[in-house]
Amino acid sequence: METEVRLFGRNAANDALHPLRQIRLFSSLNPRELTVVQALRHERRYLAGEVVFDEGDDGEAIYAILSGEVEILQADGERQARLALLASGEVFGELALLDQAPRAAQARAHSDCLLVVFFRADFMSLLETHPKIASKIALALARHLGGRLRQANAGARQAGHL
């Protein structure tokens, strides 16, 4: 008979949830809620330089970085301009949870990375089956998008566009 080893009140089940805890979008969820979300996640590995999604692709999922870096690029004439370099714990492609509009930019692995993917269909199902969890995620997403909008506005002010 195997015995579960517990050190300082921690166990393997809680440790398995640790990667989701490092993602701000899920930081307000308790362990039981994280377990529900854990069941919906898909992990994907990308090599440096590999495209996660292209500008113009259908937005079907949101991505969170567990390890590595992802750059967000947008076509600027003949070249691609880097909009952001994202690291562990950050999310991208978040508008896919809200609408099904085409991607506004390309996401490419800047280094080898491990991503967690949540599909829009799973989030819509979560709204029906676990509305409290979905509302916590939606509120965190709204705060995240608000922060991004404030950053964009501050940049536009500095550039003299506002």
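Here the structure is shown first, and the text comes after it.
Sequence order as written defines residue numbering, which begins from 1 separately in each chain. Where totals are concerned, whole chains, interfaces and linings use all residues; where local detail is concerned, this predicted model gives features only for residues with pLDDT of at least 70, and gives and counts side-chain atom pairs only at 80 or more. Calculation of side-chain values draws on the structure's entire complement of heavy atoms; hydrogens and water are dropped beforehand.

(A) Up close: the nonpolar core. Ranked by internal contacts, the top residues of the largest apolar core, which has 22 residues, are Leu20, Ile23, Leu25, Phe26, Val37 and Ile137. Only helix 3 (31-38), strand 3 (61-67), strand 8 (113-119), helix 4 (120-129) and helix 5 (131-158) provide two or more residues apiece to this core. Among the elements that take part in this core, helix 5 stands out by supplying five residues, more than any other. Once residues lying within four places of it in the same chain are set aside, the contact partners of Leu20 are Phe26, Leu34, Val37, Gln38, Arg41, Val116 and Phe118. In this structure, Val52, Ile72, Ala107 and Ala109 belong to the second largest nonpolar core, which totals 16 residues. Throughout this description, the term nonpolar core refers to a set of buried Ala, Val, Leu, Ile, Met, Phe, Trp, Tyr and Cys residues connected via side-chain atoms within 4.5 Å. The classification of residues rests on relative accessible area computed with a 1.4 Å probe and restricted to protein chains. Under 20% of the type maximum is buried, over 50% is exposed, and intermediate values are partly exposed. Only DSSP runs of H or I with at least four residues qualify as helices, and only runs of E with at least two residues qualify as strands; both kinds are numbered from the N terminus onward. The contact definition used throughout considers only heavy atoms, calling two residues in contact when any of these lie within 4.5 Å.

(B) Molecular detail of helix 4. Buried within helix 4 are the following residues: Arg120, Phe123 and Leu126. Looking straight down helix 4, one finds that the buried residues subtend no more than 115° of arc, so they occupy a single side. In helix 4, the exposed positions that point more than 90 degrees away from the buried face belong to Ala121, Glu128 and Thr129. Arc definition: it is the arc formed by the directions from the helix axis to the C-beta atoms.

(C) How the structure looks around the layout of surface pockets. Here the largest pocket is characterised by a volume of approximately 1,000 Å³. When contributions to the lining of the largest pocket are tallied by element, the ones reaching two or more residues are strand 4 (70-76), strand 5 (79-86), strand 6 (91-92) and helix 5. Under the convention adopted here, Pro, Cys and the residues Ala, Val, Leu, Ile, Met, Phe, Trp and Tyr are nonpolar, Asp, Glu, Lys and Arg are charged, and Gly plus all remaining residues are polar. For the lining of the largest pocket, a count of residues per class yields 18 nonpolar, nine polar and seven charged. Within this scheme a cavity is a closed region of a 1 Å grid, computed over the protein atoms alone, that accommodates a 1.4 Å probe without allowing it to escape, whereas a pocket is open but has protein on both sides within 12 Å along at least five of seven lines; lining residues each have an atom within 4 Å of a point. Grid points are joined across faces, edges and corners, and a volume is the space filled by probe spheres set on the points.

(D) Broad picture of the sheet that holds strand 1 (residues 42-46). Strand pairing follows a simple DSSP-based rule, namely that at least 2 bridges must link the two strands. Judged by pairing direction, the sheet is antiparallel, and its four strands sit side by side in the order 1-8-3-6 without closing on themselves. Because the sheet does not close on itself, it has two edges, and the strands there are strand 1 and strand 6. Bridging between strand 3 and strand 6 involves two bridges; their strand directions are antiparallel. Following the sheet pairing, Tyr63 is matched in strand 6 by Phe92. All axes here are fitted lines through C-alpha atoms, helices being fitted over the stretch that makes contact, and every angle between N-to-C directions spans 0 to 180 degrees. Relative to strand 8, helix 4 is tilted by about 50°, and along the sheet it contacts strand 1, strand 3 and strand 8.

(E) Quick peek at the sheet that holds strand 7 (residues 106-109). With antiparallel pairing, the four strands of this open sheet are ordered in space as 2-7-4-5. The sheet is open, and its two borders are formed by strand 2 (51-53) and strand 5, each paired with just one other strand. Between one strand axis and the next, the sheet turns by 35° as a mean value, whatever way the strands run. Note that strand 2 and strand 7 share two bridges and pair antiparallel. Across the sheet, residue Val51 finds its bridge partner in strand 7, namely Arg108.

Fair warning: the whole summary comes from geometry, so function is off the table for now.
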